[in-house]
Every structure is written in structure tokens, then in C-alpha cells.
Amino acid sequence: MAIDNIDRTSMSSMVNGFPQMVGAVNPSTDAIESAKDTTKGVCVLGMGGSAIAGEICKGLYSERAPIPITCVRDYALPKYVDSDWSVIAVSYSGNTEETLSAFAEAIKRGIIPFVISSGGKLMDLADPKRFSRLPDSFQPRAALPLILSVELPLIETLIGQNRTNLIQIGKKLADRKKEWTDNGSSPNQIARRLSGKIPLFIGSGHLQAAAYRAKCQINENAKIASFHSILPEANHNEIESVGWFASKDILPVFLRSEHESPRIRKRIEATSEIYFDEGVDSIHLNHANASKLEEILLHIYHLDLVSMEIALKQGVDAVAVERIARLKRILSQA
Ligand code: PA5
């Protein structure tokens, strides 16, 4: 689908263009051919906005993949990733030092990593046969659907699964947006409910990445504090802190799924009830009649739009990430 009409200087235009970016690019043919080799595991490298697609793929295939999919958001490559593994290095700018460090370690171990970037050092260092180039000038976090369009088919090939039709999913996202206004869950309505609160996005199973993405988008676009947690794990620790939520205006947002198991459903309902009895209301978000991947992307698209509504209310520039840029500058001089 065409992405030329998306204004790459405007976060609002980029976020609204999310559906048309889904499936808009492909991995290079050479990369797909190389991905048909046998492999012991898939290790995805990437930070921030460039890491989310890997987390989505991991969450989507963790139960079905015959080999492990692991995501590294750090400098070091785990010891178990040897020359029989496949490594995918993702950095939108191509210049993120943690990703470059783990990439260099992969090369030392005799691995030829797949590379996904729009340019930078990573592009220069990549083996041309394993390199897929992203369209440039997007903000890294807004490029998520483009990154996923390359990364998902690559991972599906590596783990021997059929390729998902992403174009169809993109169309579904665009259609669903129209329904949100009528059913009371428009991004503006959700943003109003979150006004003055600290959102805590809670996800389980395949929706873990969506909960994490929502937290990051609120941080980066709206510049307010936001957190995420994972069920069932949060039931063994975080639940004890709920008495504190009310005094600090923390508002739990449960990302619900029609695919959640009966035990997880029971758990979420019981958790919500305990929170309510402690004086803490919560929001439950659901997207009906959707596959697991559609659900993940619907939650992400919807909450990306919510982050933009909050940015608007806060009067902040959603594009600017001055502190991230400053920190990168300081570190590059060290
Ligand atoms: O959204 C952002 O701008 C950040 O989260 C970046 O994605 C992060 O700093 C990593 O940079 P890059 O995506 O260029 O590797």
C-alpha cells in the first residue's frame, strides 16, 4: 500500500498512517532465500521503537515455534547464541550502540546477521544479501508497522510457518477505527479517562508486547509517566501494591483478548475485582473478532492514537525525543 502521502515530520500523520504501513514493505528476496536455511533459534536485536516488532513476533509464535525466539535489548549477545542460530539486527537509524555491539558479537561468533534498517552504520556493516532497507525519515517508533512488515515474514520463514497476509490486516485496522467512536472507546474518550492519571497497561500472553508498546508510546509521545506489567506474573507481586494506586492516581488498563484462556480470564476478572474493592477502577479494552496478530495490532494502533490525544492535551511535541537524543550524544562522545 502507498505510504507516500504520510507526512514524516508529523507524528499524527504517521500514527494515522499505521494501517497503510502494515504490509507496505517486504524483506529483500535474498534475505528470504537465506532465511530458508535450518536454524537452531532466532535472536532478535533492537532497542526502543525498533525492538517492538521482535517482541510481537515472539509473543505470537512462542507457543507454536519449534525453535526458540529470543529478543535482546542490550549490548551483549547471550552465550547460547552460537553459529547455528540466526540473528536479526533491527535499528531504524542503524546507529544504536547496543544493537551495534550485539551485532558485532554475532559476527565474531561466525553468524551473518539479517539486518533491518533505514541506513546508518548497520547498513554499512550488513551483508547485502541479508539486508532489508526501510523507507527513511520516519520516527523509529512510528516505523513499527514497516519494521514488522519485514521482520514477521523473515521470522516466519526461519521458523517454518506460513507467511501472514499483512495487507489484509492493514485494511482491517483501517475499518475498525471507524467503530471506536460509536462504541465509546475512541482514542479521545480513552485519553479523557486517563487524564491526570498514570496509566498502567496490563497484558498477558500474546498481548504482552502491546502493553509494553503502550507504555513506551505514552512516555515518548505524550511525555508522561506510564508503566506496564504482565499477567499472571503481576498477581504474585504488583497486586500487593494496589492500595497505593489510588493515592498516586495509577489507572490500570487491562488489554483483553478473545483468545485468553479461561484461567487467564478468571484471573483478570478477579484482579480487577480486588482492585475495585481497594478503590481502584480500571479500564478494560477489547477488540472483538480478531486473530491474535490482529488483536495485537488493533491494541497497538488504538493506543498509539491514545498517546497522540494525550500529547495534544499535554501540549507537547510528540515527535521530539530531546532527552533520548541528548543521551545518545553524550554516550557517543565518551
Ligand atoms: O522511538 C524512538 O525514537 C526510540 O525508542 C528509538 O527507537 C531507540 O532509541 C532506538 O533507536 P533506533 O530505532 O534508531 O535503533
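Residues numbered from 1 in each chain as written. Predicted model: local features only at pLDDT ≥ 70, side-chain atom pairs only at ≥ 80, totals over all residues. Heavy atoms only, no water.

Undergrad: What's the story with the pairing of strand β2 (residues 69-72) in this structure? I'm lost.
TA: Residues in a regular strand project their side chains so that they alternate between the two faces of the sheet. Where burial is concerned, the two faces of β2 agree: the one with Ile69 and Cys71 and the one with Thr70 and Val72 are both buried. Two elements, strand β1 (residues 42-45) and β2, share four bridges in a ladder whose sense is parallel. Across the sheet, valine 44 pairs through a bridge with cysteine 71, a residue of β2. Crossover connection from β1 via helix α4 (residues 52-61) to parallel β2: handedness right-handed. (Buried < 20%, exposed > 50% of the residue type's maximum accessible area, 1.4 Å probe, protein only. Helix = DSSP H or I, 4+ residues; strand = E, 2+ residues; numbered from the N terminus. Pairing = 2+ DSSP bridges. Right-handed = clockwise from strand over helix to strand, strands pointing away.)

Undergrad: Looking at this structure, I do not really get the domain arrangement of the chain. What am I missing?
TA: Note: interface size is frequently given as the accessible area lost on complex formation between the parts. The domain boundaries assigned to the chain delineate domain 1 (11-167) and domain 2 (179-314). Its C-alpha centre places domain 1 at a distance of 27 Å from the equivalent point of domain 2. Across the contact, 20 residues belong to domain 1 and 16 residues belong to domain 2. In terms of surface lost to domain 2, no three residues of domain 1 exceed Val15, Phe18 and Arg141, which account for 33% of the buried area on that side. Along the contact surface separating domain 1 from domain 2 lie one salt bridge. Across the pair glutamate 220 and arginine 141 runs a salt bridge, and its minimum N-O distance is 3.4 Å. Between the two partners, domain 1 and domain 2, sit four residue pairs in polar contact (both at pLDDT 80 or more). Taken together, the elements giving at least two residues each to the side of domain 1 that touches domain 2 come down to α1 (11-16), α2 (18-21), α4 and α7 (144-158). The leading source of residues in the side of domain 1 that touches domain 2 is α4, at five residues. By residue class, the composition of the side of domain 1 that touches domain 2 is twelve nonpolar, four polar and four charged. (Domains from an automatic or database assignment. Contact = heavy atoms within 4.5 Å. Buried area = accessible area lost by both parts, 1.4 Å probe. Salt bridge = Lys/Arg side-chain N within 4 Å of Asp/Glu carboxyl O. Polar contact = N/O pair within 3.5 Å; in protein donor to acceptor, adjacent residues only side chain to side chain. Nonpolar A, V, L, I, M, F, W, Y, C, P; charged D, E, K, R; others polar.)

Undergrad: I would appreciate a short explanation of the packing of aromatic side chains in the present structure.
TA: Each pair of aromatic rings is reported with the distance of its centres and the angle of its planes. Counting across every chain of the model gives five aromatic pairs. Look at tyrosine 80 and tryptophan 85: their rings are 5.3 Å apart centre to centre, the planes differ by 50 degrees, and that puts the pair in the tilted class. On the basis of relative accessibility, which here comes to 46%, the residue tyrosine 80 falls in the partly exposed class. On the basis of relative accessible area, tryptophan 85 is assigned to the buried category, the value being 8%. Three or more aromatic residues joined by ring pairs form one cluster here, namely Phe18, Trp180 and Tyr301. Note that arginine 130 overlies the ring of phenylalanine 114, its terminal NZ or CZ placed 4.6 Å from the centroid. (Phe/Tyr/Trp six-rings, centres within 6.5 Å; stacked < 30°, edge-to-face > 60°. Lys NZ or Arg CZ within 6 Å of the ring centre and 35° of its normal.)

Undergrad: For this particular structure, what's the right way to read the sheet that holds β1?
TA: The sheet built from five strands is open, its strands ordered β2-β1-β3-β4-β5 with parallel pairing. Where the open sheet ends on each side, the last strands, each with one partner, are β2 and β5 (131-133). On average, each strand axis in the sheet is inclined to that of its neighbour by 15 degrees, with strand direction left out of account. Packing against the sheet, α4 makes contact with β1 and β2, and its axis sits at approximately 155 degrees to β2. α7 rests against β1, β2, β3 (86-91), β4 (114-117) and β5 of the sheet, and its axis sits at about 175 degrees to β3. (Axes fitted to C-alpha atoms, helices over the stretch in contact; angles between N-to-C directions.)

Undergrad: What is the right way to read the environment of glycine 243 from this model?
TA: Along the polypeptide, glycine 243 turns up in helix α11 (residues 242-247). For the pair formed by glycine 243 and alanine 270, sequence separation is 27 residues and the distance between their alpha carbons is 16 Å.

Undergrad: Please explain the side chain of arginine 130 as it appears in this structure.
TA: Turning to its location among the elements, arginine 130 is positioned in the loop between α6 (120-125) and β5. In this structure arginine 130 is buried but unpaired, with aspartate 37 as the nearest side chain of opposite charge at 4.7 Å. A distance of 2.9 Å separates a polar atom in the side chain of arginine 130 from the backbone oxygen of isoleucine 112. With near-sequence residues (within four places) excluded, arginine 130 lies in contact with Ala31, Ser34, Ile112, Pro113, Phe114 and Val115. (Lys, Arg positive; Asp, Glu negative; His and termini not counted.)

Undergrad: Mind showing me how you'd approach the site of the ligand here?
TA: With respect to spatial proximity, 13 residues lie near the ligand, and among them Ser50, Ser91, Ser93, Thr96 and Glu220 are the closest. Interatomic distance of 2.8 Å between a side-chain N/O atom of glutamate 220 and an oxygen atom of the ligand. Burial of the ligand by the surrounding chains reaches 94%, relative to a free accessible area of 370 Å². With respect to the detected pockets, the ligand is housed in the largest pocket. Classifying every residue of the shell around the ligand gives four nonpolar, six polar and three charged. (Near = heavy atom within 4 Å. Areas by Shrake-Rupley, 256 points an atom, 1.4 Å probe, with all protein chains shown as cover. 1 Å grid on protein atoms, 1.4 Å probe; cavity = no way out; pocket = protein on both sides within 12 Å on 5 of 7 lines; lining within 4 Å. Sits in = over half its atoms within 2 Å of the grid points.)

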